[in-house]
Amino acid sequence: MTSTAAALLQDRLGLSDDELLTTLGADPLSVLGGDLDHQPALPILLTLTAEVGEQVSGDALRRWVRASGRSGRPIDLLLAQDFGAFEDALEDLKDRGFVVRAPGR
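For the structure given in this document, a descriptive report is provided here. (Residues numbered from 1 in each chain as written. Predicted model: local features only at pLDDT ≥ 70, side-chain atom pairs only at ≥ 80, totals over all residues. Heavy atoms only, no water.)

Another aspect to go through is the packing of helix α4 (residues 41-53) against helix α7 (residues 83-96). Between two packed helices, what matters for the description is the angle formed by their axes and the separation of those axes. Relative to each other, α4 and α7 sit at 10 degrees, their axes nearing to 10 Å. Taken together, the axes of α4 and α7 are roughly parallel relative to one another. Touching Ala-41, Leu-45, Leu-48, Thr-49, Glu-51 and Val-52 of α4 are Phe-83, Phe-86, Glu-87, Leu-90, Leu-93 and Lys-94, all from α7. Its residues assigned to classes, the contact of α4 with α7 shows eight nonpolar, one polar and three charged. (Axes fitted to C-alpha atoms, helices over the stretch in contact; angles between N-to-C directions. Helix = DSSP H or I, 4+ residues; strand = E, 2+ residues; numbered from the N terminus. Parallel < 35°, antiparallel > 145°, perpendicular 65-115°, else oblique. Contact = heavy atoms within 4.5 Å. Nonpolar A, V, L, I, M, F, W, Y, C, P; charged D, E, K, R; others polar.)

Here we take up the side chain of Thr-49. In this structure, Thr-49 sits in helix α4. Here Thr-49 falls in the buried class, since its relative accessible area comes to 0%. The residues touching Thr-49, leaving out its near neighbours within four places in the chain, are Leu-9, Arg-12, Leu-13, Leu-61, Phe-86 and Leu-90. (Buried < 20%, exposed > 50% of the residue type's maximum accessible area, 1.4 Å probe, protein only.)

Within the fold, Thr-23 resides in helix α2 (residues 17-24). Among the residues examined, Thr-23 registers a relative accessible area of 1% and is labelled buried. Through-space distance from the C-alpha of Thr-23 to that of Ile-75 is 9.0 Å; in sequence the pair is 52 residues apart. Setting aside residues no more than four positions away along its own chain, Thr-23 makes contact with Leu-45, Leu-78, Leu-79, Gln-81 and Phe-83. Side-chain polar atoms of Thr-23 contact the backbone oxygen of Glu-19, separated by 2.8 Å. (Polar contact = N/O pair within 3.5 Å; in protein donor to acceptor, adjacent residues only side chain to side chain.)

Structural data, given as structure tokens:
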């Protein structure tokens, strides 16, 4: 896995550097050097988000990551490395689309 793959995930989801490192459980040198072979989450997250990216625009995906949904905020799931719940949230996004509600509803 290369640093390019990490940059692609970062851009696709609008993650900060710290959010990317926390999500991957990696240090900056590992990401910059592309030494992420021990980290299976990166290729899985790239695949899952690419599938959703075919249905949802990139801007909507980046907004969705920070929006509260039925499972909470997807960014919080990533930071907790709860990839199963993140995958479920992505499935919900694929099924329902990006639903925006007024506060308090």
